[in-house]
Amino acid sequence: MIRINVVCIGKVKEKYIREGIAEFSKRLSKYTKFEIIELAEEDDNKGIENAINSETERIINVISKKNYSYNILLDLKGKMLTSEEMADKIEKISMTNSEINFIIGGSNGVDDNLRKIVDYRLCFSKMTFPHQLMRLILSEQIYRWISINNNIKYHK
Ligand SMILES: C[S@@+](CC[C@H](N)C(=O)[O-])C[C@H]1O[C@@H](n2cnc3c(N)ncnc32)[C@H](O)[C@@H]1O
């Protein structure tokens, strides 16, 4: 069973987002080890560049400690795939890796150092979503990809 982590910045403030994530986490627990790793959010008052650098450093620290993991950065500059293509990608990654880390940047995004070291950069749309809502959208999609791979009636 592959382990799936979502590495992200800050705690979710909105109740409806927390509840949505909890629902998909519960559903996913039958098929995968699913964990959300929340890293400290930097204060914008110290400067946006500083916030991006510190948060990116925290993300790099976490993912570099994990062996045999495949790192996918959610990135507006990344590639767009269909849900079926992504399900297929997950299936293939599972054959050679024990863990997948999905990385969501903070409210100001991430710096290019992270873009250079990840294995794949995935774009959900040309539109920008808030980082906390992105966590819920991603959780739903992970459940959709796993449903496709496990022949669960969910994806239409
Ligand atoms: C508010 S966005 C940051 C916007 C920032 N200007 C940038 O270009 O990255 C916060 C995070 O959510 C994720 N995100 C938001 N919209 C996305 C999309 N359409 N596709 C992929 N990731 C997205 C990215 O990980 C991003 O770092």
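Criteria and cut-off values
- Residues numbered from 1 in each chain as written.
- Predicted model: local features only at pLDDT ≥ 70, side-chain atom pairs only at ≥ 80, totals over all residues.
- Heavy atoms only, no water.
- Pairing = 2+ DSSP bridges.
- Helix = DSSP H or I, 4+ residues; strand = E, 2+ residues; numbered from the N terminus.
- Axes fitted to C-alpha atoms, helices over the stretch in contact; angles between N-to-C directions.
- UniProt positions renumbered as here; feature names shortened; annotations may be inferred.
- Buried < 20%, exposed > 50% of the residue type's maximum accessible area, 1.4 Å probe, protein only.
- Contact = heavy atoms within 4.5 Å.
- Polar contact = N/O pair within 3.5 Å; in protein donor to acceptor, adjacent residues only side chain to side chain.
- Right-handed = clockwise from strand over helix to strand, strands pointing away.
- Parallel < 35°, antiparallel > 145°, perpendicular 65-115°, else oblique.
- Nonpolar A, V, L, I, M, F, W, Y, C, P; charged D, E, K, R; others polar.

Let's talk about the sheet that holds strand 4 (residues 99-103)
Each strand in a sheet pairs with its neighbour through backbone hydrogen bonds, running either in the same direction (parallel) or in the opposite one (antiparallel). In space, the five strands of this open sheet follow the order 2-1-4-3-5, with parallel pairing throughout. The open sheet terminates on both sides in strands that have one partner only, identified here as strand 2 (33-39) and strand 5 (120-122). Mean inter-strand twist for the sheet, computed between neighbouring axes without regard to direction, equals 30°. Strand direction decides the pairing type here: strand 3 (residues 69-79) and strand 5, joined by four bridges, are parallel. Bridge pairing links Leu73 to Arg121 in strand 5.

Topic: the UniProt feature "binding site: S-adenosyl-L-methionine" (unreviewed entry) in the protein
UniProt annotation of "binding site: S-adenosyl-L-methionine" (unreviewed entry) refers to Leu74, Gly105, Phe124, Ser125, Lys126, Met127, Thr128 and Phe129 when read in the numbering used here. Inspection of the secondary structure puts Leu74 in strand 3. The exposure class of Leu74 is buried, given its relative accessible area of 12%. In this structure Leu74 touches Phe102, Ile103, Ile104, Leu122, Phe124, Met134 and Leu138, once residues within four positions along its chain are discounted. Summarising the element assignment, Ser125 is placed in the loop between strand 5 and helix 5 (131-149). The residues contacting Ser125, other than those within four sequence positions of it, are Leu76 and Met80. Separated by 2.8 Å, the side chain of Ser125 and the backbone nitrogen of Met127 make a polar contact.

A few points about the pairing of strand 3
Pairing between strand 3 and strand 4: five bridges, direction parallel. Of the residues in strand 4, the one forming a bridge with Ile72 is Phe102. What joins strand 3 to strand 4 is helix 3 (residues 83-96), and the crossover it makes is right-handed.

Structural notes on the packing of helix 3 against helix 5
Their axes nearest at 9 Å, the elements helix 3 and helix 5 cross at an angle of 75°. As summarised for this structure, helix 3 and helix 5 are arranged roughly perpendicular, according to the angle between their axes. Contacts from Ser83, Glu84, Met86, Ala87, Asp88, Ile90 and Glu91 in helix 3 reach Gln141, Arg144, Trp145, Ile148 and Asn149 in helix 5. Considering only residue class, the contact of helix 3 with helix 5 consists of five nonpolar, three polar and four charged.

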